[in-house]
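Listed here are the chains, written in short residue letters.
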Amino acid sequence: SQQGEEDPQALSIQEGENATMNCSYKTSINNLQWYRQNSGRGLVHLILIRSNEREKHSGRLRVTLDTSKKSSSLLITASRAADTASYFCATAPSQGGSEKLVFGKGMKLTVNP
Amino acid sequence: DVKVTQSSRYLVKRTGEKVFLECVQDMDHENMFWYRQDPGLGLRLIYFSYDVKMKEKGDIPEGYSVSREKKERFSLILESASTNQTSMYLCASKGGGGRNQPQHFGDGTRLSIL
């Protein structure tokens, strides 16, 4: 079952601009993760934020998590053409205890040079 | 760095054939996963394995089986391939250090069933 839903589904920006992607989910979670997928390739893990964290940074990436609203955002600052990819949020549900992640359908980011 | 290797990037098979997709990881990870990815549907979990010879059904196991005889290798088997199994198949692995660990993905196998 799909839990995370990314918004917007597609975003086109100019190089140097910031890109913000949002993710909403439905059930309580242990953590939320963001992945990137370049065309025709596998997913690459970007950042993981635990349920007791509110904000996390990694290089040009900033992730926030609001568990009361069941939502997260991924901000990419000073975007580059190489950031063009699909981005997925994935949640680790706190119930059940299994190792499964539930992925959203992804959103496509295009950064124009 | 973790390396997850899928045996084929592209594969073309015929309806009714038995198809094997192989995945190998080099980090001694306990957990391995098979997903399929279709446009507009995102990633859907087919099966996963949390130890050698152990497996658990994901969200869409019908028409598939898996095998994990060795820790590093996780195979996905299409018992009798059908055209609706044409898809991108992604394998992933994850260490056993708790749930706050990421999954590491292979580059995928694009499978076409004719």
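One numbering rule holds for all chains: residues counted from 1, following each sequence as written. Throughout, the order in which chains and ligands are written sets their labels, letters from A for the former and numbers from 1 for the latter. At least 70 in pLDDT is required for a residue's local features to be given in this predicted model, at least 80 for side-chain atom pairs to be given and counted, and no such filter applies to totals for whole chains, interfaces and linings, which use all residues. With hydrogens and water set aside, each side-chain value is computed from the structure's full complement of heavy atoms.

Draft legend 1. Seen up close, the overall build of chain A. To qualify as a helix, a DSSP run of H or I must reach at least 4 residues; to qualify as a strand, a run of E must reach at least 2; elements of each kind are numbered from the N terminus. Counting its secondary structure elements, chain A contains zero helices and 11 strands. Along chain A, helices (α) and strands (β) appear in the sequence β-β-β-β-β-β-β-β-β-β-β when read from the amino end. It is over C-alpha atoms that the radius of gyration is taken, and the globule rule equals 2.2 Å times the number of residues to the power 0.38. For 113 residues, the compact-globule estimate of 2.2 N^0.38 gives 13 Å, and chain A sits close to it at 13 Å. Relative accessibility under 20% of the residue-type maximum defines a buried residue, over 50% an exposed one, and the middle range a partly exposed one, all with a 1.4 Å probe and only protein chains included. Classification of the 113 residues of chain A by burial places 44% in the buried group. Looking at chain A alone, contacts between residues at least 24 apart form 56% of all its contacts between residues at least 6 apart. Residue exposure ignores everything except the shown protein chains as possible cover, and the areas themselves are Shrake-Rupley values with a 1.4 Å probe. Summed over its atoms, the accessible surface of chain A is roughly 5,300 Å², and 44% of this surface lies on carbon and sulfur atoms. Charge counting follows a simple rule: Lys and Arg are positive, Asp and Glu are negative, and His as well as the terminal groups are ignored. Charge positions come from single atoms, namely NZ of Lys, CZ of Arg, CG of Asp or CD of Glu. Positive and negative charge centroids in chain A, built from 14 and 10 side chains respectively, lie 4 Å apart. In this description, contact between two residues means that some pair of their heavy atoms is separated by no more than 4.5 Å.

Draft legend 2. Structural view of the packing of aromatic side chains. Residues and elements named next belong to chain B. Each aromatic pair joins two rings of Phe, Tyr and Trp (for Trp, the six-membered one) with centres within 6.5 Å, and gets the label stacked for planes under 30 degrees apart, edge-to-face for over 60, and tilted for any other angle. Enumeration over the complete set of coordinates arrives at eight aromatic pairs over all chains. For the pair tyrosine 35 and phenylalanine 105, a centre-to-centre distance of 5.7 Å together with 35 degrees between the ring planes defines the contact as tilted. Taken as a pair, tyrosine 35 in strand β4 (residues 31-38) and phenylalanine 105 in strand β10 (residues 104-105) lie far apart in primary sequence, 70 residues in all. Accessibility classification places tyrosine 35 together with phenylalanine 105 in one group, the buried group.

Draft legend 3. Just the nonpolar core, in detail. Within the largest apolar cluster, 22 residues are counted, with the highest numbers of intra-cluster contacts made by Met21(A), Leu32(A), Trp34(A), Leu74(A), Ile76(A), Tyr87(A) and Leu109(A). Residue types Ala, Val, Leu, Ile, Met, Phe, Trp, Tyr and Cys, when buried and joined through side-chain atoms within 4.5 Å, form a set referred to as a nonpolar core. One finds Leu11(B), Met32(B), Ile46(B) and Ile60(B) within the second-largest nonpolar core, a separate group that totals 20 residues.

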